[in-house]
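What follows is each chain in one-letter form.
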Amino acid sequence: MLELVFATNNAHKLEEVQAIVGSRFVLQSLDDIGCHDDIPETGVTFEENAKQKTDYLVSKYGLYCFGDDSGLEITALDNEPGVYSARYSGSRDMERNIDLVLEKLGDNPNRAARFRTVISLFLNEQQFFFEGSIEGQIVGSRKGTKGFGYDPIFVPNGYDKTFAEMAAEEKNRISHRAIAVGKLADFLKSY
Ligand code: IMP
């Protein structure tokens, strides 16, 4: 059995990933190790931000750990909002962030976008990265009330509904996060 810290305080995320990686790995949250710090997220890529989380935990606690960073990249906006997804409009208010995306895109016919997640893992003095992405289109107005973030304006390719119109189980089968976590889990299981 190996203890691994997941750089999150989201109990739901932790439980979900614990179930996928199996009982050989015991996952601990930031809370579990008494870390209440504001871990810096100042990178300009998802990789940098995810690695900042694990670097911080390694240097402060010397623990094996992993951390993730995700966001939405819109092709016609030079891959914005990207690492600024959570505060694109300058606030964490998702209504304003979505309004800004729709306003910037206007009636641009190029609606291509993708959600991406990068996971940084530090294990046995080695650094690993796992990535997941899902391609889709940004619709002209919000549809659906489930999910979070930009879900109401993102339709994955091959579907005719937004992430916010899908049941959680359906989104979680195909999402960027599910793909990245699946790769992490496969790696850990064969480790
Ligand atoms: P985090 O790194 O997972 O905290 O994601 C950063 C931001 O990206 C979130 O605050 C959301 O705005 C956006 N985001 C990431 N994943 C999703 C998703 O699955 N649906 C909608 N928005 C997301």
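The following paragraphs examine the structure supplied in this document. Just so we're clear, the structure is a prediction, and the values are computed from it rather than from any experiment. Position labels on residues start from 1 in each chain and follow its written sequence. At least 70 in pLDDT is required for a residue's local features to be given in this predicted model, at least 80 for side-chain atom pairs to be given and counted, and no such filter applies to totals for whole chains, interfaces and linings, which use all residues. Values reported for side chains reflect all heavy atoms of the structure, with hydrogen atoms and water molecules removed beforehand.

**Focus: the packing of helix α1 (residues 11–21) against helix α5 (residues 176–189)**
Consideration 1: In this description, a line fitted to the C-alpha atoms serves as the axis of each element, helices being fitted only across the stretch in contact, and the angle between N-to-C directions of two axes falls anywhere from 0 to 180 degrees. In DSSP terms, a helix is any run of H or I states spanning at least four residues, a strand is any run of E spanning at least two, and both are numbered starting from the N terminus. Direction vectors running N to C along α1 and α5 enclose 45 degrees, while the axes themselves pass 9 Å from each other. Taken together, α1 and α5 sit at an angle that is classed as oblique. Like other packed secondary-structure pairs, α1 and α5 cross with a definite hand, here right-handed. Across the interface between the two elements, K13, V17, I20 and V21 of α1 pack against R177, V181, A185, L188 and K189 of α5.
Consideration 2: Taken together, the residues that form the contact of α1 with α5 break down as six nonpolar, no polar and three charged. Comment on the angle field: the value is read as roughly parallel under 35 degrees, roughly antiparallel over 145, roughly perpendicular from 65 to 115, and oblique elsewhere. Handedness of a crossing follows from how the near helix is turned relative to the far one, being left-handed for an anticlockwise turn of less than a right angle and right-handed for a clockwise one. Whether two residues are in contact is decided by their heavy atoms: any pair within 4.5 Å suffices. When residues are sorted by character, Ala, Val, Leu, Ile, Met, Phe, Trp, Tyr, Cys and Pro go into the nonpolar class, Asp, Glu, Lys and Arg into the charged class, and all the rest, Gly among them, into the polar class.

**Observations concerning the pairing of strand β2 (residues 25–28)**
Consideration 1: When strand β1 (residues 2–6) meets β2, the two strands line up parallel, connected through four bridges. Residue pairing in the sheet places L2 in a bridge with F25 of β2.
Consideration 2: Clockwise travel from the first strand over the helix to the second, with the strands pointing away from the viewer, marks a crossover as right-handed. Crossover β1 to β2 through α1 is right-handed. Strand pairing requires that DSSP identify at least two bridges connecting the strands.

**Concerning the pattern of salt bridges**
Any two side chains of opposite charge can pair, given that their charged atoms come close.
Consideration 1: Think of a salt bridge as a Lys or Arg side-chain nitrogen and an Asp or Glu carboxyl oxygen that are within 4 Å of each other. Scanning the model with the defined rule gives 14 salt bridges in all.
Consideration 2: In this structure, E41 engages K53 in a salt bridge whose closest nitrogen and oxygen atoms are separated by 3.8 Å. Placement of the pair is E41 in the loop between β2 and α2 (46–61) and K53 in helix α2, with a sequence separation of 12 residues.
Consideration 3: Here's how the labels work: a residue is buried when its accessible area is under 20% of the maximum for its type, exposed when over 50%, partly exposed in between, all with a 1.4 Å probe on protein chains only. Residue class for K53 comes out buried when judged on its relative accessible area of 11%.
Consideration 4: Taking the shortest distance from any N to any O, the salt bridge between D151 and K171 comes out at 2.9 Å.

**Things to note about the side chain of D68**
Consideration 1: Relative to the assigned elements, D68 resides in strand β3 (residues 65–74).
Consideration 2: Whenever two N or O atoms come within 3.5 Å, that pair is a polar contact, provided that in protein one can donate a hydrogen and the other can accept it, and provided that, for residues adjacent in sequence, both atoms are side-chain atoms. Side chain to side chain, D68 and K13 meet in a polar contact 3.3 Å long.

**Notes on the packing of aromatic side chains**
Consideration 1: Two rings from Phe, Tyr or Trp (for Trp, the six-membered ring) form a pair when their centres sit within 6.5 Å of each other. Planes less than 30 degrees apart are called stacked, planes more than 60 degrees apart edge-to-face, and all others tilted. According to the stated counting rule, one finds eight aromatic pairs in the structure shown.
Consideration 2: The interplanar angle of 25 degrees and the centroid separation of 4.4 Å between the aromatic rings of F6 and F66 together place this pair among those described as stacked. Of this pair, F6 sits in strand β1 while F66 sits in strand β3, placing them 60 residues apart in sequence. By the burial criterion, F6 is buried, and F66 matches it.

**Here's the deal with the site of the ligand**
Consideration 1: Near the ligand there are 15 residues, and of these S70, D151, K171, H176 and R177 occur at the shortest range.
Consideration 2: K171 places a polar side-chain atom, nitrogen or oxygen, 2.8 Å from an oxygen atom of the ligand.
Consideration 3: Interatomic distance of 3.1 Å between a side-chain N/O atom of H176 and a nitrogen atom of the ligand.
Consideration 4: Accessible areas in this description were obtained via Shrake-Rupley with a 1.4 Å probe; residue shielding takes into account the shown protein chains only. Burial of the ligand by the surrounding chains reaches 85%, relative to a free accessible area of 480 Å².
Consideration 5: Top element by residues in the shell around the ligand is β3. It accounts for three residues.
Consideration 6: Here the shell around the ligand is built from residues that sort into five nonpolar, five polar and five charged. To be near a molecule or strand, a residue needs just one of its heavy atoms within 4 Å of it.

**Thoughts on the environment of K189**
Consideration 1: Tracing the sequence through the fold places K189 in helix α5.
Consideration 2: If near-sequence neighbours (up to four positions away) are discounted, K189 is found in contact with I20, V21 and R24.

**Structural notes on the nonpolar core**
General note: in soluble globular proteins, nonpolar side chains tend to be found buried as a group.
Consideration 1: In terms of nonpolar packing, the biggest core is built from 20 residues, with L72, I74, V101, I138, Y150, I153 and F154 touching the most fellow members.
Consideration 2: Counting only elements with at least two residues in this core, the list comes to β3, α3 (94–105), β5 (112–123), β6 (126–138) and β7 (154–156).
Consideration 3: The element contributing the most residues to this core is α3, with four residues.
Consideration 4: Leave out the neighbours within four places in its chain, and Y150 touches L72, P81, S85, Y88, M94, N97, I98, V101 and F115. Definition used in this section: a nonpolar core is a set of buried Ala, Val, Leu, Ile, Met, Phe, Trp, Tyr and Cys residues joined via side-chain atoms within 4.5 Å.

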